[in-house]
Amino acid sequence: DGYVQPKAAASGTIGLSAAFRLCAAQRAVEADPLVSVAAWEAAQPGERPDFPEVCEALRGRLGGGRRLFYVCGADHAARCGLGG
């Protein structure tokens, strides 16, 4: 929330809490046996971890052999070189 809330306030948009965003994401995939939501990033105190750190932590927890999808805003994807 230390990143999303100030960014939302600066752009004049609604800043949804991390708890709300996690709940919405979990409900969106609850019926899908192949997709799950990781809460690790949202649970980190202070500055939010960035794409490489999040993916590394998740791969360490899940092990190999799984495909990882990182969902983020277009501005963040562009900054991390994730655009298609």
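Computed from a predicted structure; not experimentally measured.

How each quantity is defined
- Residues numbered from 1 in each chain as written.
- Predicted model: local features only at pLDDT ≥ 70, side-chain atom pairs only at ≥ 80, totals over all residues.
- Heavy atoms only, no water.
- Helix = DSSP H or I, 4+ residues; strand = E, 2+ residues; numbered from the N terminus.
- Buried < 20%, exposed > 50% of the residue type's maximum accessible area, 1.4 Å probe, protein only.
- Contact = heavy atoms within 4.5 Å.
- Areas by Shrake-Rupley, 256 points an atom, 1.4 Å probe, with all protein chains shown as cover.
- Lys, Arg positive; Asp, Glu negative; His and termini not counted.
- Charge placed at Lys NZ, Arg CZ, Asp CG, Glu CD.
- Expected span 1.5 Å × (residues − 1).
- Arc of directions from axis to C-beta.
- Phe/Tyr/Trp six-rings, centres within 6.5 Å; stacked < 30°, edge-to-face > 60°.
- Disulfide = S-S within 2.5 Å.
- 1 Å grid on protein atoms, 1.4 Å probe; cavity = no way out; pocket = protein on both sides within 12 Å on 5 of 7 lines; lining within 4 Å.
- Points joined across faces, edges and corners; volume = space filled by probe spheres on them.
- Nonpolar A, V, L, I, M, F, W, Y, C, P; charged D, E, K, R; others polar.

> Requested: an account of the overall build of the protein, with residues and values cited.
Across its full length, the protein carries five helices and zero strands. The secondary structure elements of the protein, listed N-terminal to C-terminal, are α-α-α-α-α. Principal axes of the C-alpha set define a box for the protein whose edges measure 40 × 30 × 30 Å. Taking all 84 residues of the protein together, 12% fall into the buried category. Pairs at least 24 apart in sequence give 25% of the contacts found in the protein among residues at least 6 apart. Split by element, the accessible area of the protein, about 6400 Å² in all, is 57% carbon and sulfur. Between the mean site of the 9 positive side-chain charges and the mean site of the 9 negative ones, the protein shows a separation of 4 Å.

> Now, about helix 4 (residues 51-62): what can you tell me, with residues and values included?
A turn of α-helix holds 3.6 residues, and therefore any two residues three or four places apart point the same way. Over its 12 residues, helix 4 extends 16 Å from the first C-alpha to the last, a length consistent with the 16 Å expected when each residue adds 1.5 Å. Within the span of helix 4, buried status applies to Val-54, Cys-55 and Leu-58. Within helix 4, the buried residues cover an arc of 95° as seen down the axis, which keeps them to one side. Of the exposed residues in helix 4, those oriented more than 90 degrees away from the buried face are Pro-52, Glu-56 and Gly-60. Summarising the contacts, the buried residues of helix 4 are in contact with helix 3 (40-43). Following helix 4 by one or two positions, Gly-63 has its phi on the positive side, about 85°.

> Pulling in residues and values, what's your account of the packing of aromatic side chains?
Across all of its chains, the model carries one aromatic pair by this definition. Pairing Phe-51 with Tyr-70 gives two aromatic rings, centres 4.8 Å apart and planes at 75°, and the pair type is edge-to-face. Within this pair, whereas Phe-51 is found in helix 4, its partner Tyr-70 is found in the loop between helix 4 and helix 5 (74-79), the two being separated by 19 residues in sequence.

> Explain the state of the cysteines to me, and be specific about the residues and the numbers.
Within this structure, the stated rule accounts for zero disulfides. Summary of cysteine pairing: Cys-72 is not part of a disulfide, and the nearest cysteine sulfur, belonging to Cys-80, is at 6.4 Å. The partly exposed category is assigned to Cys-72, whose relative accessible area is 31%.

> So what about the layout of surface pockets? Which residues, and what values?
A volume near 1600 Å³ is recorded for the largest pocket. Along its surface, the largest pocket is lined by 45 residues, and Val-37, Ala-38, Glu-41, Tyr-70 and Val-71 are the ones closest to its centre. For the lining of the largest pocket, the secondary-structure elements that each account for two or more residues are helix 1 (4-11), helix 2 (18-29), helix 3, helix 4 and helix 5. Classifying every residue of the lining of the largest pocket by side-chain character gives 27 nonpolar, eight polar and 10 charged.

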